[in-house]
Amino acid sequence: GNLAGREIAFTPPGADAPANFRFLEGDEEKPSKRTMVLVRRSGLNQTDMEKGLAYGQLYYQELQDADTGEPQVNIKVRRPGEHVSFSLTAAEWAGFTDIAIAAHAEDQ
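What comes next concerns the included structure. (Residues numbered from 1 in each chain as written. Predicted model: local features only at pLDDT ≥ 70, side-chain atom pairs only at ≥ 80, totals over all residues. Heavy atoms only, no water.)

**Some points on the pairing of strand 1 (residues 7–10)**
Then, in step 1: Taking every second residue as pointing to the same face, the buried face of strand 1 carries Ile8 and Phe10, while none of Glu7 and Ala9 on the other face is buried.
Then, in step 2: Examined bridge by bridge, strand 1 and strand 2 (residues 19–23) share 4 bridges and lie antiparallel to one another. Bridged to Ala9 within strand 2 is Asn20. (Buried < 20%, exposed > 50% of the residue type's maximum accessible area, 1.4 Å probe, protein only. Helix = DSSP H or I, 4+ residues; strand = E, 2+ residues; numbered from the N terminus. Pairing = 2+ DSSP bridges.)

Spelled out as C-alpha cells, the structure:
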C-alpha cells in the first residue's frame, strides 16, 4: 500500500478484507489504550508484517529516564504471538503521528 499517505487500506493479519486506517493529525489526541492500531516506525519487526510496521493493541506508559530524569514514553504494540516496543521522549511522543486507527465507518 501507499504508506506515505495519511490514509491507507490495510488488511489486518487474520482478517479477510482490508479496512481503511487513518494516520493521526499533528494535534490529535492519541488513541486510548488497547485500541487496535497500525504503527509505522523504522526498526519495528513483526513476523507477519512488512518491516517497519506493527499492528496490534496500543499500550503506552509515561516514565522518567533513569539516567537523565527526562520524561519518556514507553510504547508497546501487542497481539497474540506478536509484541514490539519502543521508547520516545515525551516531546517526540507528543508529535508522533505514525499511528493509524481504523477510519470510522461514517467516513468511508
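**Let's talk about the nonpolar core**
Then, in step 1: In terms of nonpolar packing, the biggest core is built from 17 residues, with Val39, Ile75, Phe86, Trp93, Phe96 and Ile99 touching the most fellow members.
Then, in step 2: Contributing elements (two or more residues each) for this core: strand 3 (36–40), strand 4 (53–64), strand 5 (71–79), strand 6 (82–89) and strand 7 (99–102).
Then, in step 3: Those residues in contact with Ile75, other than ones at most four positions away along the chain, are Leu58, Tyr59, Tyr60, Val84, Ser85, Phe86, Leu88 and Trp93.
Then, in step 4: Of all hydrophobic cores here, the second largest spans 9 residues; its members include Ile8, Phe21, Phe23 and Leu53. (Core = buried A, V, L, I, M, F, W, Y, C linked by side-chain atoms within 4.5 Å. Contact = heavy atoms within 4.5 Å.)

**A look at the packing of aromatic side chains**
Then, in step 1: By the definition in use, this model includes 6 aromatic pairs.
Then, in step 2: Here Phe10 and Phe21 contribute two aromatic rings whose centre-to-centre distance is 5.4 Å and whose plane-to-plane angle is 85 degrees, an arrangement assigned as edge-to-face. Of the two residues, Phe10 sits in strand 1 while Phe21 sits in strand 2, which places them 11 residues apart along the sequence. Like Phe10, the residue Phe21 is buried in the burial classification.
Then, in step 3: Ring geometry for Tyr60 against Trp93: centres 4.9 Å apart, planes inclined by 45 degrees, an arrangement best described as tilted. Remark: Trp93 occurs in helix 1 (residues 90–94) and Tyr60 occurs in strand 4; sequence separation between them is 33 residues.
Then, in step 4: One aromatic cluster in this structure is built from Tyr60, Phe86, Trp93 and Phe96.
Then, in step 5: Taking the ring centre of Trp93 as reference, the NZ or CZ of Lys30 above it sits at 5.1 Å.
Then, in step 6: The ring of Tyr60 has Lys33 lying over it, and the distance from NZ or CZ to the ring centre is 5.2 Å. (Phe/Tyr/Trp six-rings, centres within 6.5 Å; stacked < 30°, edge-to-face > 60°. Lys NZ or Arg CZ within 6 Å of the ring centre and 35° of its normal.)

**Overview of the side chain of Thr97**
Then, in step 1: Along the chain, Thr97 falls in the loop between helix 1 and strand 7.
Then, in step 2: For Thr97, a relative accessible area of 16% puts it in the buried group.
Then, in step 3: Among residues more than four places away in sequence, those in contact with Thr97 are Arg6, Phe23, Leu24, Glu25 and Gly26.

**Regarding the environment of Pro71**
Then, in step 1: Here Pro71 lies in strand 5.
Then, in step 2: The partly exposed category is assigned to Pro71, whose relative accessible area is 41%.
Then, in step 3: C-alpha separation for the pair Pro71 and Thr89, spaced 18 residues apart in sequence, amounts to 6.2 Å.
Then, in step 4: Among residues more than four places away in sequence, those in contact with Pro71 are Leu63, Gln64, Thr89 and Ala90.

**Some thoughts on the sheet that holds strand 2**
Then, in step 1: Strand order across the open sheet formed by 7 strands is 1-2-7-3-4-5-6, with antiparallel pairing between neighbours. If you trace the sheet from one side to the other, it starts and ends with strand 1 and strand 6, each paired once. Pairwise comparison of adjacent strand axes, ignoring direction, gives a mean angle of 40 degrees for this sheet. (Axes fitted to C-alpha atoms, helices over the stretch in contact; angles between N-to-C directions.)

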